[in-house]
Structures are given as C-alpha cells and as structure tokens.
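Observations on chain architecture
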Amino acid sequence: IRVGMVHFMAYPQCMGGAGPILETVARIAEDVFFEVIEITQINDPPVRAQVRALAQQAGVELYFGAQPILLSQQLDLNHADATQRRRAVQAVQHGIDLAAELCCRRVAILSGKVTSDKEAAKARLVGSIKELCAYAALKHITLVLETFDQVPFAKNCLIGPTKEAVEVSQEIRRNFPNFGLMLDLSHLPLLNESPQYALRTAAGHLVHAHIGNCAMDDPGHEAYGDNHPRFGAPGTRNGVPELAEFLRGLLDIGYLSQENRGILSFEVKPMSGESAEAVIAGSKRALLEAWRRI
C-alpha cells in the first residue's frame, strides 16, 4: 500500500485555504508511514511554494482535493442552470491550476446534488467532467470522481451508487484516459453497499481509495452523516473488521498487489476535544491490525 492522509480532513481548520497549513502538512510529511498527502486550496502563494518544497524534501507526493472548493461554495457540476454549472466548472479549473502549481498529478471532485431528472443530470455531469478532463490533460493531471451517498442527512449526491459511477466513467473514458473513480469506505454504509460489491463493481475504473468511518444510526451523534469520525468510535459503522474486509476486496480486484501499490488514504476528522495527532496514530494502528488479519 502507498498510504496517504487527507490533510484537510485531519486538520479541518485548514480546509478553507488558510490556517496552520505549513506546520500541519509538515507533521504528516515527517512521518515515514505516509507517501501521499492530499491537500486542497492554499490561498497564500508563498505557502503553496513552501508546501511544494516540503513535499519534495520529504519524498511524498501531493494530490489535490477540489471537493472542499465545490462544497464550501455550494457549487454543482450537474446543476440544471447553465450559469451555475459554469461557475462550478470554473472553480474546479482554478483548483486544477493550483494543483499544477503544487505538482499534484491528480485532482478529486464530486458530483452535485441528486435531482428528480437523474438521467439528464448525469448527462450534464458527464459534459462538465469531459470539459474538465480536457483542461486537466493540458497540465498532465488525472481527474478523479469520488462517489458519495444519496441520503438527505449527508451529502446527497447524484453519484452516488457505484454502478452509476461506473456508467459515468465508461462514457468519459471513451475520450479521456485521464479519468477514474475513487471509492471511500466511509461512504459505503451510507450507500448501503458492501465493500466487496462496490469494489468488484468499480474494478477497472478505480484509481484511488479512501478509508474512514461514518455515523448514521443516531441523529444526535456529533459525526452523524458524512463526517469521518475515527475508526471504531462509539455509535459508528467502520472499525478494524470493516477495514480488513475493504483491504481484502482491494487485493481481490488487484488494486493492491506486489506489482501495484495502490494509494489508500485515511480520511478521518477529530471530533470535539480530540487530538488530530492521536486520531492519526489510531488510524495507523487500525490499518496495521486490519492488515495483520488478512
């Protein structure tokens, strides 16, 4: 495995592009457990340059998540209104520019909200993604669509079920090889999909994977919805057994093998009163234990 960490989830105070970005990226970069750090918008050009240099010094690869850009501005790549859709495309193009400046090879996105005109919305999404893939190809960047839930108490996104994500990917890959899918263990309970089903369905289209947890049984839970609590937290769905099942599935489809060290990034967020560093350490221990079990 090439283990990664989603920086902006472990340190959510940095998600908006400001805050203690350099020092928190440094904590991850200095940990030999990690080979990949997933970052998002960094507003200050000198800080971007410092983060790029730090990653090069540490020998870690930077990947870019444009999800916070879309979510924070409530932008929608499959919006029925062309002007709103254009705003979303332009925002991701800006993210691709930032990613290129940071020497990132991949940019992750998500679909917009699920709507009643699902087939038309999928066509609009495919159109937006094709335009973005063409733009990303000019900068030698791969665009990655992450699947999300379709429940109202979480992200409620068009894509969505893994089968439909594969249909979108098949359409886009006819013209753009610089495209693939991302599955996140955190989202599978919310999608009512097992790891084995989701991974077998996405095999051949999967280029990136996240591991994390969710809470969906108690509306009063602090992490209710798609909020990535630590593995095994009380009232949540994913712990070491579920993580081991996900790893087995990744091995079964060849995403992980001796020939292919696929990327697997933690996406975990501290809850109130929790330490980011302790949550990261606990995540590493969970992965090691899950790996021992298989």
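Below is a short write-up of the structure. (Residues numbered from 1 in each chain as written. Predicted model: local features only at pLDDT ≥ 70, side-chain atom pairs only at ≥ 80, totals over all residues. Heavy atoms only, no water.)

1. Describing the pattern of salt bridges
Enumeration over the complete set of coordinates arrives at 22 salt bridges. In this structure, E289 and R292 form a salt bridge, with 3.1 Å as the shortest nitrogen-oxygen distance. You can see E289 and its partner R292 sitting in helix α11 (residues 276-293), three residues apart, about one turn around the helix. Taking the shortest distance from any N to any O, the salt bridge between R293 and E289 comes out at 3.2 Å. Highlighted residues: R293 and E289, both in helix α11, separated by four residues, approximately one helical turn. What makes R293 partly exposed here is its relative accessible area of 45%. E289 gets classed as partly exposed once you look at its relative accessible area, which sits at 26%. What you see here is one network of salt bridges that share partners, running through K118, E119, K122, K163, E164 and E167. (Salt bridge = Lys/Arg side-chain N within 4 Å of Asp/Glu carboxyl O. Helix = DSSP H or I, 4+ residues; strand = E, 2+ residues; numbered from the N terminus. Buried < 20%, exposed > 50% of the residue type's maximum accessible area, 1.4 Å probe, protein only.)

2. Let's talk about the packing of helix α2 (residues 21-29) against helix α3 (residues 45-58)
Where α2 contacts α3, the two axes come as close as 10 Å, and the packing angle between them is 10°. Considering their axes alone, α2 and α3 lie roughly parallel with respect to each other. Here I21, L22, V25, A26 and A29 of α2 lie close against α3, whose contacting residues are V47, Q50, V51, L54 and A58. Partitioning the contact of α2 with α3 into residue classes produces nine nonpolar, one polar and no charged. (Axes fitted to C-alpha atoms, helices over the stretch in contact; angles between N-to-C directions. Parallel < 35°, antiparallel > 145°, perpendicular 65-115°, else oblique. Contact = heavy atoms within 4.5 Å. Nonpolar A, V, L, I, M, F, W, Y, C, P; charged D, E, K, R; others polar.)

Such coordinate-based values are descriptive only and should not be taken to indicate function.
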